[in-house]
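Observations on chain architecture
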2 protein chains.
Amino acid sequence: MSNLTNRERKIPSDHASGSVYRGTPYTDHAAGVLTLTDRYKSVDRQIKAGCDLFRVGERGEGLYSLIDGWVALYNLLDDGRRQILQFALPKSVLAFLPAHGGMMSYGAQALTDTVVGIVPHEDLGQLCRDNPGMGMQLAGLISQDRGLAYDHLSSIGRRSARERVTYLLLELFIRTRMRWPGHRIEEMHLPLTQEDIGDATGLTGVHVNRVLRDLRQDRIAEFHYRRLRILNPDKLIDVAGIDPHVALSWIGNNACDKESSQPQPSVTSTPNICCAVMPRAISRQREAHLP
Amino acid sequence: MSNLTNRERKIPSDHASGSVYRGTPYTDHAAGVLTLTDRYKSVDRQIKAGCDLFRVGERGEGLYSLIDGWVALYNLLDDGRRQILQFALPKSVLAFLPAHGGMMSYGAQALTDTVVGIVPHEDLGQLCRDNPGMGMQLAGLISQDRGLAYDHLSSIGRRSARERVTYLLLELFIRTRMRWPGHRIEEMHLPLTQEDIGDATGLTGVHVNRVLRDLRQDRIAEFHYRRLRILNPDKLIDVAGIDPHVALSWIGNNACDKESSQPQPSVTSTPNICCAVMPRAISRQREAHLP
DNA sequence: CGAATGCTTGAGCTTCATCAACTTCAGTGG
DNA sequence: CCACTGAAGTTGATGAAGCTCAAGCATTCG
């Protein structure tokens, strides 16, 4: 039907997406929405690593929520150039087509074996009527994705290659760390190729490789065959030029139940993401042999 | 409080945002949501051209909907680099903070004199209860914005400077044309500087200038002191490499009331945006003096 | 008319892409 | 266990696309 490329991939089996249903440690919309869609979804669909969940131009079936696995949302240009729009982790909404006839405006490729739940169009209305708050929560969830997209825009549009790559690594690190707080992180699994990183950052795979080499030489981070090691978190954050507010939004700081209007730290005070997410151990681990 | 730059601008008075309240000619969520927010909003806030509606890190007041005027949503990096995330037209939702304590993760600058309606947090719940469909419509609206952001990502990440600039011009042309169908378009007003275009496309103002020069020499389009002339629409679309599906999503093809499941044209058939939006007159107007 | 903002152009330079060859790694089947 | 195969990573040489700096011009607005 369409001539989309579909690079099949073999993925190692120890990826970090095993235990999804432990309670989320942070307040967000995801819990509510995902629990609800759980009840209304028609079937779980299983997709093998490397296959597409859906493609551009296909008719959307309703609301897609990712239950388990890693997924890349992407766009293809006519000549084959590819842009990865987002790396989706479990409990995220992959797509939302509220009505019949809507077409997918981007594709979705499974990076690992994945499970997806789908709530069909016809059930969305009912779901919405039964649970009045649902729509707003969904809006919040999608709004969060939009925020992520905006951050990527800033990164790709205005940052250097080195900044972009470190930014992406750090983002993925923080987001996965939030999903699976128990995991050890000295060496974590990211089911991506360097080419994928390039497609996400607007660079070529070759150049990503060079950037990664420099990061390794500077003892900041290593990425090699789908394995990420963060050697110097502080420097990583520094190079990435992360705005702590942004990082908080990845974690899901929607603060649904904070009704207090007590003055919070002002704009200039920086919530220390590093401390929140990175165990001291790692900071100590290597004292950095810098030039 | 924060050291954001705030370039004041003088804007000519003949910008195209005068008659907002004529009925929308296309089916979308905007109509429903905006009519509702109209009833619940606390006050209209008026902002002069060049001023910020809100800034990064400020506490959000609830749901912001743009009633009249042009607004640029933007991000700033530490060193002053700026990325424009979206140009918002009337009837769009600028921001949506569902709960207290949420911070704006991007800024919004008025490009013209603007009017904004705000529905405070406390009224959002009530609005939602009174109008059950509202949440979903809002979700659809935000989802549409996310789609726009994804398109910009593809553009900035994978296209050449020439493609990016033409893409942006065409997008803005189509979106404004959809809002104000009656306007003549041979020469339309875009309240942007070349620097703004650069900040939106991830280029420098200087380079945007060079690209615009080439487009002028190739008799494709002219942009000069906030005035856009499209000389050769067909070529413009060609250079921009626009996917017609994408263009349709700008127009708002959510197809809310199309319940028919009759087979629609397949993916490969290209809905002709050019025909839908561009009057033949323009195509004829210049036969193109090409090299 | 004057000031301020925005546009235009050139020269030199940096960053990143392209091409191509080579190496390493992971999975497969003997 | 090894050899084999295909995918992914690595490196160098070369060039193009776009940035920076700097100076001068045009347009708008008061």
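Up top you'll find the structure we're talking about.
So, a few notes on the structure that sits alongside this text. Note that the structure is a prediction, hence the values are computed from the model and not measured.

Criteria and thresholds
Residues numbered from 1 in each chain as written. Chains lettered and ligands numbered in written order. Predicted model: local features only at pLDDT ≥ 70, side-chain atom pairs only at ≥ 80, totals over all residues. Heavy atoms only, no water. Helix = DSSP H or I, 4+ residues; strand = E, 2+ residues; numbered from the N terminus. Buried < 20%, exposed > 50% of the residue type's maximum accessible area, 1.4 Å probe, protein only. Areas by Shrake-Rupley, 256 points an atom, 1.4 Å probe, with all protein chains shown as cover. Near = heavy atom within 4 Å. Polar contact = N/O pair within 3.5 Å; in protein donor to acceptor, adjacent residues only side chain to side chain. Nonpolar A, V, L, I, M, F, W, Y, C, P; charged D, E, K, R; others polar. Least-squares fit on C-alpha atoms with pLDDT ≥ 70 in both. Contact = heavy atoms within 4.5 Å. Arc of directions from axis to C-beta. Pairing = 2+ DSSP bridges. Axes fitted to C-alpha atoms, helices over the stretch in contact; angles between N-to-C directions.

Attention now goes to the overall build of chain A. Along chain A, the regular secondary structure elements total ten helices and eleven strands. The proportion of buried residues among the 291 residues of chain A is 57%. In the structure as shown, chain A presents an accessible area of about 11,900 Å², 50% of it carried by carbon and sulfur atoms.

Contacts to DNA strand C come from 20 residues, most closely from Ala161(A), Gln194(B), Asn209(B), Arg213(B) and His224(B). Within 4 Å of the protein, the atoms of DNA strand C are drawn from sugar and phosphate moieties in a proportion of 69%. Between DNA strand C and the protein, one listed contact pairs a phosphate oxygen with a side-chain N or O atom of Thr204(A) at 3.2 Å. Note that a base nitrogen of DNA strand C is positioned 3.4 Å from one of the side-chain N or O atoms of Tyr225(B). Only α6 (205-217) of chain A together with α6 (205-217) of chain B provide two or more residues apiece to the surface near DNA strand C. At five residues, α6(B) tops the list of elements feeding residues into the surface near DNA strand C. Considered class by class, the residues forming the surface near DNA strand C number six nonpolar, eight polar and six charged.

A few words now on the relation of the copies chain A and chain B. Mapping chain A onto chain B calls for a rotation angle of 180 degrees and an axial translation of 0.0 Å; the resulting RMSD is 0.0 Å. On the angle and the small slide along the axis, the relation comes out as a two-fold axis. A shared interface surface links the copies, since 100% of the contact residues of chain A are contact residues in chain B too.

Our focus in this paragraph is the side chain of Thr114(B). Within the secondary structure layout, Thr114(B) lies in strand β8 (residues 114-120). Here Thr114(B) is in contact with Arg45(B), Gln46(B), Ile47(B), Leu53(B), Leu66(B), Asp68(B), Gly69(B), Trp70(B) and Val71(B), once residues within four sequence places are set aside.

Okay, helix α7 (residues 233-240) of chain B next. Among all positions of α7(B), only Pro233(B), Leu236(B), Val239(B) and Ala240(B) are buried. Buried residues along α7(B) cover an arc of 125 degrees about the axis, so they all sit on one side.

Looking now at the sheet that holds strand β9 (residues 187-189) of chain B. Residue and element names in this part refer to chain B. What the three strands build is an open sheet, ordered β9-β11-β10; its pairing is antiparallel. The sheet terminates laterally at β9 and β10 (221-224), the two strands that pair on one side only. Going across the sheet, the axis of each strand differs from the next one's by a mean of 20 degrees, ignoring polarity.

Coordinates in, geometry out; function isn't part of it.
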